[in-house]
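# What the coordinates show
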Amino acid sequence: MIIPCFNAAETLGACLDALLERSQVLPNEIIVVDDASQDRSVAVASRSGVELVTAEVNAGPGVTRNLGAARAGGEVLVFVDADVAVAPDALGRLACHFAEDPGCTAVIGSYDKEPEARNPVSEYRNLLHHYVHQQAPEQASHFWTGLGAVRKSTFDAIGGFDVAEFGRAMEDIELGYRLRDAGYPIRLDRTVQGKHLRRWSFGSMARTDLFLRAIPWTRLILTHEEMPSDFSLGWGQRVSVAMAWLLLSALLAALVWPQALLVMPPALGLFIGVNLDFFRFLRTRRGWARALAAVPLHWFYHFNSGLGFILGAIGCGWQRLKARLRVRPSPR
């Protein structure tokens with residue numbers, strides 16, 4: 001069990017409690033790798049049953065997970081985020097996959113449908129993640145370190161997390177791409193669940209989704225020259241991004257051309273239509289008020305994702321242009 005940690009004192013205790021006190025299957029080892037935290041994370045992790053590894057400088061989750069994997073002695077590496085409290089049966093379900101099928105190389109799980117924080121942004125963002133994983137196919141296109149496991153021999157064979165290119169964001173997604181390209185399947189078990197303890201604000205959601213998800217994920221997609229169609233990249237999400245941008249474009253255009261407002265009702269209708277099942281899910285979990293409050297948040301989430309794709313594509317194109325200019329032969 002490998003838990004990377006950076007300034008996670010607020011949630012790390014609950015994460016460890018879930019593993020040490022409530023899990024039906026106790027992990028053989030728990031390795032917390034602290035990434036030069038400036039809060040009480042080291043003190044929280046200093047308890048019986050936990051091996052603590054401390055980094056001298058902050059290097060990012062990819063580096064800390066690789067450090068933990070190097071120290072681990074088991075045949076299967078289980079990764080858990082410091083803000084996740086695994087369900088009592090989660091480790092047992094993971095173990096069954098590897099014990100019953102020698103060909104199983106990697107398994108990922110899902111957040112549960114009862115997030116810890118109850119403010120509207122946290123409920124929306126955490127339940128969205130749960131919903132996406134619950135709707136995704138069992139054969140996944142990427143790995144997930146929120147709650148995921150991979151055979152150590154496979155992890156070592158493909159070189160672990162890529163810390164040169166994706167050391168601080170999307171390192172688990174990139175690992176999954178390499179696993180899949182090397183012929184190692186990744187299973188999604190929707191019943192392997194953990195409670196997300198993170199409390200989101202609108203600002204933290206906007207920053208995380210733009211700089212730590214959308215932009216680096218775009219770079220990863222363009223590097224591999226392939227866009228999977230599962231999880232957050234399905235056709236429904238792509239249509240939602242297009243409608244989110246169309247709605248904003250129509251509103252801005254109406255400032256000089258009022259007829260542009262005519263585009264908004266059908267665009268909004270299509271946006272709600274492709275996401276209707278998600279809004280129904282929110283209604284069953286939290287009622288009509290929270291479901292309606294999620295509509296503008298959902299619009300912003302997809303607008304932000306589209307912005308990240310644009311910025312990521314520009315950045316990737318600029319890097320490729322600079323690479324070509326560097327290799328251009330000098331005139332004689």
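Above this note sits the structure.
In short, a report on the structure. (Residues numbered from 1 in each chain as written. Predicted model: local features only at pLDDT ≥ 70, side-chain atom pairs only at ≥ 80, totals over all residues. Heavy atoms only, no water.)

## Focus on the packing of aromatic side chains
Quick note on the threshold: Under the pairing criterion, centres of Phe, Tyr and Trp rings, with the six-membered ring standing for Trp, must be within 6.5 Å; the plane angle then separates stacked pairs below 30 degrees from edge-to-face pairs above 60, leaving the rest tilted. By definition, any uninterrupted DSSP run of H or I lasting at least four residues is a helix, any uninterrupted run of E lasting at least two residues is a strand, and each is numbered from the N terminus. The cut-offs for exposure are 20% and 50% of the maximum accessible area for each residue type, with area from a 1.4 Å probe on protein chains only; residues under the lower value are buried, those over the upper are exposed, and the others partly exposed. When the NZ atom of lysine or the CZ atom of arginine is within 6 Å of a ring's centre and also within 35 degrees of its normal, the charge is said to sit over that ring.
Using the criterion set out here, one finds 14 aromatic pairs in the structure. Ring geometry for Tyr131 against Phe278: centres 5.3 Å apart, planes inclined by 55°, an arrangement best described as tilted. Here Phe278 lies in helix 12 (residues 276-286) and Tyr131 lies in helix 5 (residues 120-135), a separation of 147 residues in the sequence. Here Phe278 falls in the buried class, since its relative accessible area comes to 3%. These aromatic residues form a ring-pair network of at least three members: Tyr124, Tyr131, Phe278, Phe279 and Phe281. For Arg198, the ring lying beneath its charged end belongs to Trp200, and the centroid distance is 3.8 Å.

## Quick word on the pairing of strand 9 (residues 186-196)
Short version of the rule: Following DSSP output, two strands are said to pair if at least two bridges run between them.
Bridge count for strand 5 (residues 84-86) against strand 9 is three bridges, and the pairing is antiparallel. Opposite Ala85, over in strand 9, you have Lys195 as the bridge partner. With two bridges joining them, strand 7 (residues 139-140) and strand 9 adopt antiparallel strand pairing. Counterpart to Ala140 in the pairing with strand 9 is Ile186.

## Re the environment of Phe161
We count it as follows: When checking whether two residues touch, look at their non-hydrogen atoms; a contact exists if any pair is within 4.5 Å.
By the secondary structure assignment, Phe161 is in the loop between helix 6 (152-157) and helix 7 (163-166). Residue class for Phe161 comes out buried when judged on its relative accessible area of 2%. Sequence separation between Phe161 and Arg320 is 159 residues; the distance between their C-alpha atoms is 23 Å. Residues in contact with Phe161, not counting those within four places in the same chain, are Gly62, Arg65, Asn66, Phe79, Thr145, Phe155, Glu171, Asp172, Leu175 and Arg178.

## Points about the nonpolar core
Note the cut-off: Grouping buried Ala, Val, Leu, Ile, Met, Phe, Trp, Tyr and Cys residues that are joined through side-chain atoms within 4.5 Å yields what is termed a nonpolar core.
One finds Ile3, Leu12, Val32 and Val80 to be the most contacted residues of the largest nonpolar core, which totals 74 residues. Not counting the four nearest positions on each side in its chain, Val80 is found in contact with Met1, Ile2, Ile3, Pro4, Cys15, Val86, Thr145, Gly146 and Leu147. The next biggest cluster of nonpolar side chains, apart from the first, holds nine residues, and it includes Phe166, Ala169, Trp217 and Leu233.

## Details of unusual backbone geometry
Here Met170, not a glycine, exhibits a phi torsion of approximately 65°, which is positive. Within the secondary structure, Met170 sits in the loop between helix 7 and helix 8 (171-181). Backbone geometry at Glu225 places phi at a positive 55°, although glycine is not the residue there. Mapped onto the elements, Glu225 comes out in the loop between helix 9 (202-224) and helix 10 (235-253). By relative accessible area, Glu225 is classed as exposed at 69%.

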